[in-house]
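Chain residues, written in single-letter form:
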Amino acid sequence: MAILDAPRGFLRRDRVFETMIPAYSPRLDISHGTILYLEGVSVSFDGFRAINDLNLYIDDGELRCIIGPNGAGKTTMMDIITGKTRPDTGTVYFGQNLNLLKLSEPEIAEAGIGRKFQKPTVFEFHTVFENLELAMRGDKGVWATFTAKLNGEQRDAIDQVLDTIGLSDQRSMRAGSLSHGQKQWLEIGMLLMQRPRLLLVDEPVAGMTHQEMDRTAELLTGLAGDHSVVVVEHDMEFVRSIANKVTVLHQGSVLAEGSMDQVQSDPRVVEVYLGGD
Ligand code: ADP
Ligand code: MG
C-alpha cells in the first residue's frame, strides 16, 4: 500500500503495533471493507442547507483528505458523524451495522470514533506523560488518575504512544511549554490512548512550521492502515504530501473525488475552488 511507504524515522511502526491497534468493538461489522457510510445526508440551519444530499464512503484503514472552500460544510459533516449535529434526512452508519443517528455523542466515541478539534486542548499544567495517562483513564478525573498506580501494561501503552507521536524526550515536560506542533501531536496521542478505529482530524497543520507539517504527514500516514483517518485541511501542499484519495466538498455535497492530480485538474474544482488560489 502506497501510504505505508512514508519514511519511518518518526513512527516506529514495529514498536507501536500492539497498543496502536484499535480496540475492536465486537459490535462493529466491517466485513464489506467500508467503515463509514453517509448517504443522502442533509441538514439546514435557519433554512440554509449546510449539508446537501451528501454521500461519503470511507474504507477501513483508508486515509482520506477532505478539502473545500470555507463554508463548504466540512466541520458540519464531522459534527454529524460524531453526533453533535443531527441531520434532517439521510443515513449515517459506522461499519455495516452501527446506526450513528441512534447513538449519543459519548456512545459514538465509545464505539471507536475519535475527533481532534482544530485547537489543541491539552492540560497545560500537567506533563506530557500525565496528559496521556489522563486520556487513557477517560473520565475518572485527575485525582483518581494520579492516586491509582499504573500497571506495566498501561505504562507500556503510554510509552508506545509517546514514541508514535515523537514526544518520548518531552515526556516530563509540562504540556504548556511544548511548541504548537508538539501540542497537536500530544492531542493526537491522547486520542490514540482510547484506541479509536476512526480518527477525524480538523485542520491539523494550521499554524505549523514546514518541518512540523512533514512530521504530521508522517504521523497520519503511519496511523492509516490500523486506523481509518479522515483529515480536513486547507493547506494544499500538505494534502498533496499525504493524500491517497481526496474528496472536494462544495455547498454541502461532493463535487469531485479522486487523486490530488485528478481533482486538481477537474474543471469544476478549478472553477469553484482551486482557480482562485
Ligand atoms: P467549513 O467547515 O467547510 O468551513 P461549516 O461546516 O463550518 O463549513 O459551515 C457550513 C455552513 O453552515 C456555513 O455557511 C456556516 O455558517 C453554516 N453553519 C454551520 N454550523 C451552523 C450552526 N450551528 N448554525 C447556523 N449555521 C451554521
Ligand atoms: Mg470548518
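Notes on the structure in this doc start here. (Residues numbered from 1 in each chain as written. Chains lettered and ligands numbered in written order. Predicted model: local features only at pLDDT ≥ 70, side-chain atom pairs only at ≥ 80, totals over all residues. Heavy atoms only, no water.)

Points about the overall build of the chain
Inference 1: When its secondary structure is counted, the chain shows eleven helices and ten strands.
Inference 2: For the chain, the proportion of its 277 residues judged to be buried stands at 53%.
Inference 3: Nonlocal contacts in the chain, meaning residues at least 24 apart in sequence, comprise 69% of its contacts between residues at least 6 apart.
Inference 4: Split by element, the accessible area of the chain, about 12800 Å² in all, is 49% carbon and sulfur. (Helix = DSSP H or I, 4+ residues; strand = E, 2+ residues; numbered from the N terminus. Buried < 20%, exposed > 50% of the residue type's maximum accessible area, 1.4 Å probe, protein only. Contact = heavy atoms within 4.5 Å. Areas by Shrake-Rupley, 256 points an atom, 1.4 Å probe, with all protein chains shown as cover.)

Structural notes on the environment of Arg171
Inference 1: By secondary structure assignment, the location of Arg171 is in the loop between α6 (152–164) and α7 (180–192).
Inference 2: Residue classification places Arg171 among the partly exposed positions, given a relative accessible area of 27%.
Inference 3: Along the backbone, Arg171 and Leu132 are 39 residues apart, and their C-alpha atoms lie at a distance of 9.5 Å.

Some thoughts on the environment of Thr247
Inference 1: Inspection of the secondary structure assignment puts Thr247 in strand β9 (residues 245–250).
Inference 2: On a C-alpha basis, the gap between Thr247 and Ile67 in space is 6.3 Å, while along the polypeptide they are 180 residues apart.
Inference 3: Contact partners of Thr247, with chain neighbours within four places excluded, come to Leu56, Arg64, Cys65, Ile66, Ile67, Val254, Ala256 and Glu257.

Quick look at the sheet that holds strand β7 (residues 198–202)
Inference 1: Read from one edge of the open sheet, six strands run β6-β7-β8-β3-β9-β10, paired in mixed fashion. Edge positions in the sheet fall to β6 (113–116) and β10 (253–258), since each has one partner strand and no second. If you compare each strand with its neighbour and ignore which way they point, the axes differ by 20 degrees on average.
Inference 2: Bridge count between β9 and β10: five bridges; the pairing is antiparallel. Bridged to His250 within β10 is Ser253.
Inference 3: In the packing of helix α2 (residues 74–81) onto the sheet, the strands contacted are β3 (63–67), β6, β7, β8 (228–232) and β9, and the crossing angle to β7 comes to about 150 degrees.
Inference 4: Sitting on the sheet, α7 touches β6 and β7, and the angle it makes with β6 is about 165 degrees. (Pairing = 2+ DSSP bridges. Axes fitted to C-alpha atoms, helices over the stretch in contact; angles between N-to-C directions.)

Regarding the nonpolar core
Inference 1: Core analysis: the biggest nonpolar cluster contains 47 residues, and Leu132, Leu186 and Leu220 have the highest contact counts within it.
Inference 2: For this core, the element with the highest residue contribution is α7, accounting for six residues.
Inference 3: In contact with Leu132, other than residues within four places in its own chain, are Ile158, Val161, Leu162, Ile165, Leu186, Gly189, Met190 and Met193.
Inference 4: The next biggest cluster of nonpolar side chains, apart from the first, holds 30 residues, and it includes Leu28, Leu36, Val41 and Ile80. (Core = buried A, V, L, I, M, F, W, Y, C linked by side-chain atoms within 4.5 Å.)

What about the pairing of β8?
Inference 1: Counting buried positions along β8 gives five out of five residues, so the element sits mostly inside the fold.
Inference 2: Alternating positions in β8 separate into two faces, Ser228, Val230 and Val232 on one and Val229 and Val231 on the other, with burial throughout.
Inference 3: As paired strands, β3 and β8 are joined by four bridges and run parallel to one another. Each residue of the ladder has a partner; that of Arg64, found in β8, is Val230.

So, the pattern of salt bridges
Inference 1: Here the structure, examined in full by the defined rule, presents nine salt bridges.
Inference 2: Salt-bridge contacts for Arg64 lead to Glu62; the nearest nitrogen and oxygen are separated by 2.6 Å.
Inference 3: Residue Glu62 is classed as buried on the basis of its relative accessible area of 10%.
Inference 4: In this structure, the salt-bridge partner of Arg240 is Asp261, at a minimum N-O distance of 3.1 Å. Taken together, the residues Arg240 in helix α9 (residues 236–242) and Asp261 in helix α10 (residues 260–264) connect sequence positions 21 residues apart.
Inference 5: Each of Glu62, Arg64 and Glu257 takes part in a single network of salt bridges with overlapping partners. (Salt bridge = Lys/Arg side-chain N within 4 Å of Asp/Glu carboxyl O.)

Things to note about the packing of aromatic side chains
Inference 1: Enumeration according to the criterion identifies one aromatic pair in this entry.
Inference 2: On the numbers, 6.2 Å between centres and 90 degrees between planes, the contact of Tyr37 with Tyr57 is edge-to-face. Remark: Tyr57 occurs in strand β2 (residues 48–59) and Tyr37 occurs in strand β1 (residues 34–45); sequence separation between them is 20 residues. (Phe/Tyr/Trp six-rings, centres within 6.5 Å; stacked < 30°, edge-to-face > 60°.)

What about the site of ligand 1?
Inference 1: All residues in the neighbourhood of ligand 1 are listed as Phe45, Phe48, Ala50, Pro69, Asn70, Gly71, Ala72, Gly73, Lys74, Thr75 and Thr76.
Inference 2: Gly73 places a polar main-chain atom, nitrogen or oxygen, 2.9 Å from an oxygen atom of ligand 1.
Inference 3: Within the side chain of Thr75, a nitrogen or oxygen atom sits 2.9 Å from an oxygen atom of ligand 1.
Inference 4: Out of a free accessible area of 550 Å², ligand 1 has 59% covered by protein chains.
Inference 5: Contributing elements (two or more residues each) for the shell around ligand 1: β2 and α2.
Inference 6: Here the element with the most residues in the shell around ligand 1 is α2; it accounts for three residues. (Near = heavy atom within 4 Å. Polar contact = N/O pair within 3.5 Å; in protein donor to acceptor, adjacent residues only side chain to side chain.)

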